[in-house]
Amino acid sequence: MKNLIYKILKFFHLLPLEETEFQSKATKEPTIYKLKPIMSQYEYKFYNILKELEPNYAIIPQLNLASIIYKENNNRYYNDLFINIDFAIFTKDLKRPLLLIEINDATHEQYKRKDRDLKVQNICNTIGIRLIKFYSTYPNEKDYVLRRVINELNKQTCEIEII
């Protein structure tokens, strides 16, 4: 009886959001989707530090570059923009990105990740938005993080053209 109820719930997609199972038509094997946190514990700690800037700025975690960057005339490598940045700091009204922040952990030492990081840096350089990096191997205490971010925000001299 319990199995029958489960199958009915599954059929009508009434299972809890935390775990939903779908059957792939190609492989006939079930695929299980589960919710996951938007940030790692370290990123969440970092976010709580950055939130102190919120009276003057908007802090957006896990921002996809394609959300803020448009690639003109050449959609061939548009996938380069489907990369998440750990944090973006915007004007309070969310109209203009001011600074992007990446937290580099041990995964950034892998060859593919280094290549990805170089692409991100080149894209940021091309559009004129600053990208700063913090390293998880350092303590990144609150005063240090805020001082460094504020210093970078104060260096904003160029206007970023928004389409």
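In what follows, the structure referred to is the one given above.
Below is a summary of the structure that appears in this document. Since the model is a prediction, treat every value here as computed from it, not as a measurement. Sequence order as written defines residue numbering, which begins from 1 separately in each chain. Given that this is a predicted model, residues contribute local features only at a pLDDT of at least 70 and side-chain atom pairs are listed and counted only at 80 or more, while totals for whole chains, interfaces and linings are drawn from all residues. Just so you know, side-chain values use all the structure's heavy atoms and leave hydrogens and water out.

## Quick look at the overall build of the protein
The secondary structure content of the protein amounts to 4 helices and 6 strands. Only runs of H or I of at least four residues qualify as helices and only runs of E of at least two qualify as strands under DSSP, and these elements are numbered from the N terminus. For the protein, the succession of helices and strands along the chain, N to C, is α-β-β-α-β-β-β-α-β-α. We call a residue buried when its accessible area falls under 20% of the maximum for its residue type, exposed when it is over 50%, and partly exposed in between, using a 1.4 Å probe and counting protein chains only. With 163 residues in all, the protein has 33% of them scored as buried. Contacts in the protein between residues far apart in sequence, at least 24 positions, make up 55% of those at least 6 positions apart. Roughly 11,700 Å² of accessible area belongs to the protein as shown, and the carbon and sulfur atoms make up 54% of that amount. Note on definitions: a residue-residue contact is assigned when non-hydrogen atoms from the two residues lie within 4.5 Å. Throughout, the Shrake-Rupley method with a 1.4 Å probe supplies accessible areas, and for residues the shown protein chains are the sole cover considered.

## Digging into the nonpolar core
By nonpolar core we mean a set of buried residues, namely Ala, Val, Leu, Ile, Met, Phe, Trp, Tyr and Cys, connected to one another through side-chain atoms within 4.5 Å. Ranked by size, the top nonpolar core spans 19 residues in total, and within it Phe46, Leu50, Phe87, Ile89, Ile101 and Val149 carry the most contacts. When residues of this core are traced back to their parent elements, those giving at least two are α2 (41-50), β4 (84-91), β5 (97-104), β6 (130-135) and α4 (142-154). If sequence neighbours within four positions are ignored, phenylalanine 46 has contacts with Phe87, Ile101, Ile103, Phe134, Asn140 and Val145. If you look at the next biggest cluster of nonpolar residues, it comprises 16 residues, including Ala58, Leu63, Leu81 and Ile83.

## Looking at unusual backbone geometry
Of note in this structure, leucine 94 is not a glycine but carries a positive phi near 65 degrees. Considering the arrangement of structural elements, one finds leucine 94 in the loop between β4 and β5. A positive phi angle, near 50 degrees, is found at asparagine 140, a position not held by glycine. Following the sequence through the fold, asparagine 140 ends up in the loop between β6 and α4. The class of asparagine 140 is buried, set by a relative accessible area of 4%.

None of this, on its own, says anything about what the molecule does.
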